[in-house]
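Structural features, examined
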Amino acid sequence: MKFRNFKTVPKMIFGRGSFDQLDDVLADERNSSDDFVVFLVDEVHKDKPLAQRIPTIGKDMLIWLDVTDEPKTTYVDALTEQVQAYAKDNANGNNPVSVVGIGGGSSLDLGKAVALMLTNEGGSASYQGWDLIKNPAVHHIGIPTISGTGAEASRTTVLTGPDKKLGMNSDYTVYDQIIMDPDLIQGVPKDQWFYTGMDCYIHNIEALNGTYINEFARAFGEKSLDLCNEVFLQDHPDSDEKLMMASYMGGQSIAYSQVGACHALSYGLSYVMGYHHGIGNCIAFDVLDDFYPEGVKVFREMMKKHNITLPKGITKDLSEEDMEKMIRTASGLAPLWENVYGPSWKEKVTPELLRSLYSKM
Ligand code: NAD
Ligand code: ZN
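Residues numbered from 1 in each chain as written. Chains lettered and ligands numbered in written order. Predicted model: local features only at pLDDT ≥ 70, side-chain atom pairs only at ≥ 80, totals over all residues. Heavy atoms only, no water.

This part takes up the overall build of the chain. The secondary structure content of the chain amounts to 14 helices and nine strands. For 361 residues, the compact-globule estimate of 2.2 N^0.38 gives 21 Å, and the chain sits close to it at 20 Å. Each principal axis of the C-alpha atoms in the chain carries an extent, and together these give about 60 × 45 × 45 Å. Counting only residues that meet the buried cut, the chain has 57% of its 361 residues in that class. At a minimum sequence separation of 6, the contacts of the chain that also span at least 24 residues come to 77%. Carbon and sulfur atoms provide 49% of the accessible area of the chain, an area that totals close to 15600 Å². Here the chain carries 33 positive and 50 negative side-chain charges, and the mean point of each set is 4 Å from the other. (Helix = DSSP H or I, 4+ residues; strand = E, 2+ residues; numbered from the N terminus. Rg over C-alpha atoms; globule rule 2.2 N^0.38 Å. Buried < 20%, exposed > 50% of the residue type's maximum accessible area, 1.4 Å probe, protein only. Contact = heavy atoms within 4.5 Å. Areas by Shrake-Rupley, 256 points an atom, 1.4 Å probe, with all protein chains shown as cover. Lys, Arg positive; Asp, Glu negative; His and termini not counted. Charge placed at Lys NZ, Arg CZ, Asp CG, Glu CD.)

Right under this line is the structure:
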């Protein structure tokens, strides 16, 4: 047996108002007046007070990100080319000294992906998979403004490519620095707050009930689940702090375990029907009573408490071709199903089972 030797984020700052320390962190990376930093920021912040606090100086470049769709390889490549063209005109073609991703899981993943693609040739679609990245990325910093995905902690950046939705998983993907400032997640619209938060809750349920679990992953997963319960069942006054830590710890737990049935089904919904990750997970989780009875029960209490209603009957008008594609996508995620059923998962995960689950959504 070989154990996973995984990399974690080496430097992190946590605390309300800590965003203001970004300037100091970047000062350590800047050496000459030609040096520049690239800020990739969710455009939801464009007309908000945060925009005025982004510490750009000199030749720095600020790009507002469009996250209407979840990150695509084509978008990553276009952003990378935009940075390279700017570098050619303004910095003798040198790479930026740091790439800063600010926003939710989508923006955090775009920050990681652009930092990787600036030092690895050939386009992001060719690196979707495990440990295909050859060269270290440009220094990169992640700053979440909505919590739940654990993207701030993970070694992947999830991308939709020409023929699959799959991350660029590598040690180089991991952020060099993260800044977790609970102030930044204040005022996130309620539904989105819930869907993204449930991503974390579901990561924990899937990991803790999975065959891959070990004490390392359990330690993080249990604490993260406790925090989710405090946030979503108790309206704790420190909810922002708690959710931010739940997300980080959920990400740490998954690093040494795996997600399960919900994520497998949700990937199908997202790839074929375009559902975003958070809401797609909620729709899928709501039909998984047989897999995670206690987890689903508590999830429904959380939905009720926060007046969340999920879309229903979403697959009833789906073409047979799309249904088959969704089933293929879900059943292709071998490690997720192995985490659910163990090594003999193939006998259990039949097209009929997946079709019946999708039909209930
Ligand atoms: P998101 O980043 O797509 O953002 C969701 C919405 O919230 C967007 O409209 C965004 O503009 C808005 N938003 C973000 N911050 C806000 C704020 N402070 N105030 C108001 N609105 C705000 O959503 P997400 O759920 O965080 O991320 C989903 C993405 O993360 C998916 O692409 C998924 O594949 C990816 N993901 C990655 C990992 C990983 O480990 N890399 C893990 C899970 C999910
Ligand atoms: Zn997830």
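Taken in spatial order, the three strands make up an open sheet running β5-β8-β7, and their pairing is mixed. Two strands close off the open sheet at either side, each with one partner strand: β5 (129-130) and β7 (158-160). Two strands pair when backbone bridges link them, and β7 and strand β8 (residues 165-169) are joined in this way by three bridges, in the antiparallel orientation. Bridge assignment links Val158 to a residue of β8, and that residue is Gly167. (Pairing = 2+ DSSP bridges.)

Turning next to the coordination of the zinc ion (ligand 2). Bound to the zinc ion (ligand 2) are the protein donor atoms Asp199 (OD), His203 (NE2), His263 (NE2) and His277 (NE2), situated 2.1 to 2.3 Å from the metal. In this structure, the zinc ion (ligand 2) is coordinated by four donor atoms arranged in irregular fashion, with angles at the metal of 86 to 171°. (Donors = N, O, S within 2.8 Å, 3.2 Å for Na, K, Ca; no water. Tetrahedral: all angles 85-135°; square planar, octahedral: opposite > 155°, others 65-115°.)

What follows is about the UniProt feature "domain: Alcohol dehydrogenase iron-type/glycerol dehydrogenase GldA" (unreviewed entry) in the chain. When the UniProt feature table is mapped onto this chain, "domain: Alcohol dehydrogenase iron-type/glycerol dehydrogenase GldA" (unreviewed entry) is found at residues 11-182. The distance separating the terminal C-alpha atoms of residues 11-182 is 17 Å; by composition the span is 24% helix and 23% strand. (UniProt positions renumbered as here; feature names shortened; annotations may be inferred.)

Read from one edge of the open sheet, six strands run β1-β9-β6-β4-β2-β3, paired in parallel fashion. Strands with a single pairing partner mark the edges of an open sheet, and in this sheet they are β1 (11-14) and β3 (61-65). Averaged over all adjacent pairs, the angle separating strand axes in this sheet is 15°, with direction ignored. Direction of pairing for strand β4 (residues 98-103) relative to strand β6 (residues 140-144): parallel, over a ladder of five bridges. (Axes fitted to C-alpha atoms, helices over the stretch in contact; angles between N-to-C directions.)

Each assigned domain of the chain is listed with its residue range as follows: domain 1 (11-185) and domain 2 (190-359). Between domain 1 and domain 2, the C-alpha centre-to-centre distance is 26 Å. Taken together, the contacts link 27 residues of domain 1 with 21 residues of domain 2. Both sides together, the interface formed by domain 1 and domain 2 hides about 2100 Å², and carbon and sulfur atoms give 63% of it. (Domains from an automatic or database assignment. Buried area = accessible area lost by both parts, 1.4 Å probe.)

Next up on the list: the pattern of salt bridges. Scanning the model with the defined rule gives 19 salt bridges in all. One salt bridge in this structure joins Asp20 and Arg53, with 3.1 Å as the shortest N-O distance. Within this pair, whereas Asp20 is found in the loop between β1 and α1 (22-27), its partner Arg53 is found in helix α2 (residues 49-53), the two being separated by 33 residues in sequence. Of the residues examined, Arg53 reaches a relative accessible area of 34% and is grouped as partly exposed. Among the salt bridges present, the one from Asp286 reaches Lys312, with a minimum N-O distance of 3.6 Å. Remark: Lys312 occurs in the loop between α10 (293-305) and α11 (320-331) and Asp286 occurs in the loop between α9 (277-285) and α10; sequence separation between them is 26 residues. Several salt bridges converge on common partners, so that one network encompasses Arg16, Asp183, Asp240 and Glu241. (Salt bridge = Lys/Arg side-chain N within 4 Å of Asp/Glu carboxyl O.)

A separate point is the UniProt feature "domain: Fe-containing alcohol dehydrogenase-like C-terminal" (unreviewed entry) in the chain. Following the UniProt record, one finds the feature "domain: Fe-containing alcohol dehydrogenase-like C-terminal" (unreviewed entry) at residues 195-294. Here residues 195-294 is 75% helix and 0% strand, with 19 Å between the C-alpha atoms at its ends.

Moving on, we get to the environment of Asp42. For Asp42, the location among the structural elements is in strand β2 (residues 37-42). Sequence separation of Asp42 and Leu65 is 23 residues, and the distance between their C-alpha atoms is 4.7 Å. When neighbours within four sequence positions are excluded, Asp42 is seen to be in contact with Trp64, Leu65, Val67, Ile102, Gly103, Gly104 and Ser107. Engagement of the side chain of Asp42 in a polar contact is seen with the backbone nitrogen of Val44, the distance being 2.8 Å. (Polar contact = N/O pair within 3.5 Å; in protein donor to acceptor, adjacent residues only side chain to side chain.)

Another point: the packing of aromatic side chains. In this structure the tally under the stated criterion is 15 aromatic pairs. Summarising the aromatic geometry, the rings of Phe36 and Tyr86 are spaced 5.4 Å apart at their centres and angled 50° between planes, so their arrangement reads as tilted. Here Tyr86 lies in helix α3 (residues 73-90) and Phe36 lies in the loop between α1 and β2, a separation of 50 residues in the sequence. The exposure class assigned to Phe36 is buried, which follows from its relative accessible area of 1%. (Phe/Tyr/Trp six-rings, centres within 6.5 Å; stacked < 30°, edge-to-face > 60°.)

In the vicinity of ligand 1 there are 25 residues, among which Asp42, Gly105, Ser106, Ser154 and Thr196 approach most closely. Take Thr145: an N or O atom from its main chain is 2.8 Å from a nitrogen atom of ligand 1. For ligand 1, whose unbound accessible area comes to 870 Å², protein coverage reaches 89%. Of all the elements in the fold, those that place two or more residues in the shell around ligand 1 are α4 (105-117) and α5 (190-208). Sorting elements by how many residues they give to the shell around ligand 1 places α4 first, with four residues. Its residues assigned to classes, the shell around ligand 1 comprises nine nonpolar, eleven polar and five charged. (Near = heavy atom within 4 Å. Nonpolar A, V, L, I, M, F, W, Y, C, P; charged D, E, K, R; others polar.)

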